[in-house]
Amino acid sequence: MAFSSAHLNHHQPLIKHGGATAAPPPTPSCSHLNTTSKSETAVDALSSLFHRLPPLLSLPNRRSIPSLPMVSLSAGDRLEWDDLISAVTDFGYFQLINDDSDILFPPGIAEAAESDSLSLLELSEEKKESSFPKKWPLGYEADAETPSFCLDADCSTDSSELNLSSLREFTRTLEKVGLKTVEMLANALGFGYDSTRFNTLMWVNQGVPDDEPEVTNGFYPFVVCLQYQIREQKYCLLTESGWVSVLPRVDSVLVTLGDIAQVWRNGEVKRVKYRPVLCSGQKDGPVKCVTMTLMLTLPMDSMVSSLKDMISDGDKEEEYAEEEEEDGGTRSDERRAFRPFSFKEYAWRVYQERLFFRDPLDRYRIKSLKD
């Protein structure tokens, strides 16, 4: 099967809160501009426009991406890690080819899970509200166009009438792929982590019925997000340089790195700011499409900090601690790009404020003396 190309389409985020769309920056008036020449007028108008943009909004860098990076799930040596390292340091996302015989999706399970997910969207608003636990971020979140459900790893509900067994099995299988992916990242990039300190969330979200990506609900920090590709569909990713549209191959898993992964690796990997958004391209009529996004994130009581120096070599870890103590703690700040912070505090702030034009990690960045 030929690999699919990734098309780079940069847009500014279209932000919706309960269906209300944020207005774009105002168009500057050009009545005061000099008219001595067309070129001078164009330059002045462009300069005026730049000055009217929000001060913290940076224009996206346009890049040419020949193809969506591909990584094998069975990558186990340093030669195979090169593709993974390149994907996460250059892009922050890749398609994972599931050729590991130890982790296989049972035949038809993805389609059955999709059917379970679509059935949730057919429930009445009353049923949606009452059938799921309300323990943030778990539960049902209403939105004018794209309602979503956030479920735990067991897809638990408060209703005896709902049968989500297929979605539960699919979630558990995708969770195994996610944990294997984090293990590969740790081995390739050289950091240690506690494999028992993960929280698994399954986000079921109604797809966007056109080609315009929207940031709606379910804004939550994560380590990695995974989406299994049942069929050929285009997704839009909100990267650090703007929206990027990608077309993963069928039967692959689209993997995106999040803000927690970027902090873990001390800012040396790229990240995607939001869950992948399905863009169906069908603007006319109701569209019944759904995304099932598995998110590996952290428990609420976690502290987030750089894991770059937490390697398995105990001697090096001890040596680093001694150097830091001798230097009065300054050596730590020189090496670390972020100061440690509470995951719960950060998650709540990101979820409530939904910062799109500002990087929510900025308040935790450690500025060097050179800055």
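Everything numeric here is computed off the predicted structure, so don't read it as measured data.

Colleague: Where do I start with the overall build of the chain in this structure?
Modeller: For the chain, the count of helices and strands is nine helices and 16 strands. Residues counted as buried form 48% of the 371 residues belonging to the chain. For the chain, long-range pairs separated by at least 24 residues make up 77% of all intrachain contacts whose partners lie at least 6 apart in sequence. When the accessible surface of the chain is summed, it comes to about 18,400 Å², and 49% of that surface belongs to carbon and sulfur atoms.

Colleague: So what exactly am I meant to see when it comes to the sheet that holds strand β12 (residues 252–257) here?
Modeller: In a beta sheet, neighbouring strands pair by backbone hydrogen bonds and run either parallel or antiparallel. In spatial order, the strands read β3-β4-β12-β9-β14-β7-β6-β5; together these eight strands make up an open sheet with mixed pairing. Bordering the open sheet on either side are β3 (70–72) and β5 (139–141), each of which pairs with just one other strand. Recorded for the sheet is a direction-independent mean angle of 25° between the axes of neighbouring strands. When strand β9 (residues 224–228) meets strand β14 (residues 290–297), the two strands line up antiparallel, connected through three bridges. Following the sheet pairing, Leu226 is matched in β14 by Leu294.

Colleague: Any chance you could explain the pairing of strand β7 (residues 199–206) here in plain terms?
Modeller: Side chains on a regular strand alternate between the two faces of the sheet. Of all eight residues in β7, six are buried, a share of seventy percent or more. Pairing of strand β6 (residues 148–151) with β7, which is carried by four bridges, proceeds in the antiparallel orientation. Pairing of Phe149 across the sheet is with Val204, part of β7. Note: β7 against β14, eight bridges, orientation antiparallel. Across the sheet, Trp203 pairs through a bridge with Thr293, a residue of β14.

Colleague: Before we go on, may I ask you to explain the side chain of Gln229 in this structure?
Modeller: Along the chain, Gln229 falls in the loop between β9 and β10 (235–239). Among the polar contacts made by the side chain of Gln229, one reaches the main-chain carbonyl oxygen of Gln227 at a distance of 2.8 Å. Among residues more than four places away in sequence, those in contact with Gln229 are Tyr235, Pro248, Arg249, Val250, Asp251, Ser252 and Leu254.

Colleague: How do you make sense of unusual backbone geometry when you look at a structure like this?
Modeller: Comment: phi is negative for the bulk of residues other than glycine, and the bulk of peptide bonds are trans. Cis geometry marks the peptide bond from Trp136 to Pro137; its omega dihedral reads 10°. With respect to the helices and strands, Pro137 occurs in the loop between α4 (125–130) and β5. Non-glycine residue Asp251 carries a positive phi angle of around 75°. Looking at the element boundaries, Asp251 is found in the loop between β11 (242–246) and β12. With relative accessibility at 46%, the residue Asp251 sits in the partly exposed group. Within the chain, Asn266 stands out as a residue other than glycine whose phi angle is a positive 60°.

Colleague: Help me out: how do you make sense of helix α3 (residues 109–121) in this one?
Modeller: Since the α-helix packs 3.6 residues into each turn, any two residues three or four apart lie on the same face. Its 13 residues give α3 an end-to-end C-alpha distance of 19 Å, which sits within 8% of 18 Å, the value for a rise of 1.5 Å per residue. On the buried face of α3, the contacting elements are α4, β6, α5 (165–189), β7, β9 and β14.

Procedures and definitions
- Residues numbered from 1 in each chain as written.
- Predicted model: local features only at pLDDT ≥ 70, side-chain atom pairs only at ≥ 80, totals over all residues.
- Heavy atoms only, no water.
- Helix = DSSP H or I, 4+ residues; strand = E, 2+ residues; numbered from the N terminus.
- Buried < 20%, exposed > 50% of the residue type's maximum accessible area, 1.4 Å probe, protein only.
- Contact = heavy atoms within 4.5 Å.
- Areas by Shrake-Rupley, 256 points an atom, 1.4 Å probe, with all protein chains shown as cover.
- Pairing = 2+ DSSP bridges.
- Axes fitted to C-alpha atoms, helices over the stretch in contact; angles between N-to-C directions.
- Polar contact = N/O pair within 3.5 Å; in protein donor to acceptor, adjacent residues only side chain to side chain.
- Expected span 1.5 Å × (residues − 1).

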